[in-house]
Amino acid sequence: MKTSIFLLVALSVIVLCMTDGRVRKFQNQHIIRAIPRGGCDFLIANRNIRDNNGKCKRENTFIISNFNQVRTVCDPRNRIDVNRNLYESPRNMRILCCRLLGQTTDTHCTYTSTPRESHIVIACNNIRNVLQPVHFQAVGLLTRDKVPCPTPVKRELQ
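The rules we used
- Residues numbered from 1 in each chain as written.
- Predicted model: local features only at pLDDT ≥ 70, side-chain atom pairs only at ≥ 80, totals over all residues.
- Heavy atoms only, no water.
- UniProt positions renumbered as here; feature names shortened; annotations may be inferred.
- Pairing = 2+ DSSP bridges.
- Helix = DSSP H or I, 4+ residues; strand = E, 2+ residues; numbered from the N terminus.
- Axes fitted to C-alpha atoms, helices over the stretch in contact; angles between N-to-C directions.
- Contact = heavy atoms within 4.5 Å.
- Buried < 20%, exposed > 50% of the residue type's maximum accessible area, 1.4 Å probe, protein only.
- Arc of directions from axis to C-beta.
- Disulfide = S-S within 2.5 Å.

The name an unreviewed UniProt entry assigns to the protein chain is Ribonuclease A-domain domain-containing protein, from the organism Maylandia zebra. Quoted verbatim from the Subcellular location (unreviewed entry) heading of the UniProt record, the comment on the protein chain is "Secreted". The annotation that UniProt attaches to the protein chain under Sequence similarities (unreviewed entry) is "Belongs to the pancreatic ribonuclease family."

Rendered as structure tokens:
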């Protein structure tokens, strides 16, 4: 009996400590502590971020912060869309906007890297009774004017 209770407690701890796959994907695709040398090109290649077809992702936004700070956006007071579980940051956050300039090969993508500060909108799901970020929705305020990341200027090949 004691062994059964111990195993049940141990298994419960393991399950609670595991991070949900959607949360891990969100962390990989959207959270950085600082902008590295090489900016978006380096981040997107190093983290193997692609669209659903395995091609270069047209745009991606990184939040320059840590996971715990980003998770505070999931506070119920920040909820703006009940049907879609959307939450808006109450203040500006540092972000890095990445926009595709061109795909030179199937494996190499070239991006603009534009740092800025803006409100963010993320989707949060209740995972094991804790609201967790699972999707990056938008840059800017959905409750006011949505401000997209800047569109890159296409470079002429010489």
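Additional details are given in the paragraphs that follow.
Read across the sheet, four strands follow the order β3-β4-β7-β8 without closing on themselves; strand pairing throughout is antiparallel. Pairing within the sheet leaves two strands with one partner each, and these edge strands are β3 (79–81) and β8 (130–139). Each strand of the sheet is rotated relative to its neighbour by a mean of 40°, with strand direction disregarded. Pairing of strand β4 (residues 86–88) with strand β7 (residues 120–127) involves three bridges; the strand directions are antiparallel. Looking at β7, one finds that Leu86 is bridged to Ala123. In this fold helix α2 (residues 21–30) packs onto β7 and β8, with an angle of close to 40° to the strand it touches most, β8.

Those residues of α2 not exposed but buried are Val23, Phe26, Gln29 and His30. One face of α2 carries all of its buried residues, which in axial projection span an arc of 135°. Here the buried face of α2 lies against β1 (31–32), β2 (59–64), α4 (67–71), β7 and β8.

Before going further, it helps to spend a moment on the state of the cysteines. Inspection of the entire model under this criterion finds three disulfides. Residue pairing for Cys56: its cysteine sulfur links by disulfide to Cys109, the two sulfurs lying 1.9 Å apart. Its S-S torsion of approximately -85° makes the covalent link between Cys56 and Cys109 left-handed. Residue Cys56 is located in the loop between α3 (39–46) and β2, and its partner Cys109 is located in strand β6 (residues 109–118); the two are separated by 53 residues in the primary sequence. The burial state of Cys56 is the same as that of Cys109; both residues are buried.

With that out of the way, let us pick up unusual backbone geometry. Positive phi outside glycine occurs at Arg128, with the angle close to 55°. Looking at Arg128, the relative accessible area reads 36%, which means it is partly exposed. In this structure, Asn129 is a non-glycine residue whose phi angle is positive, near 65°. By the secondary structure assignment, Asn129 is in the loop between β7 and β8.

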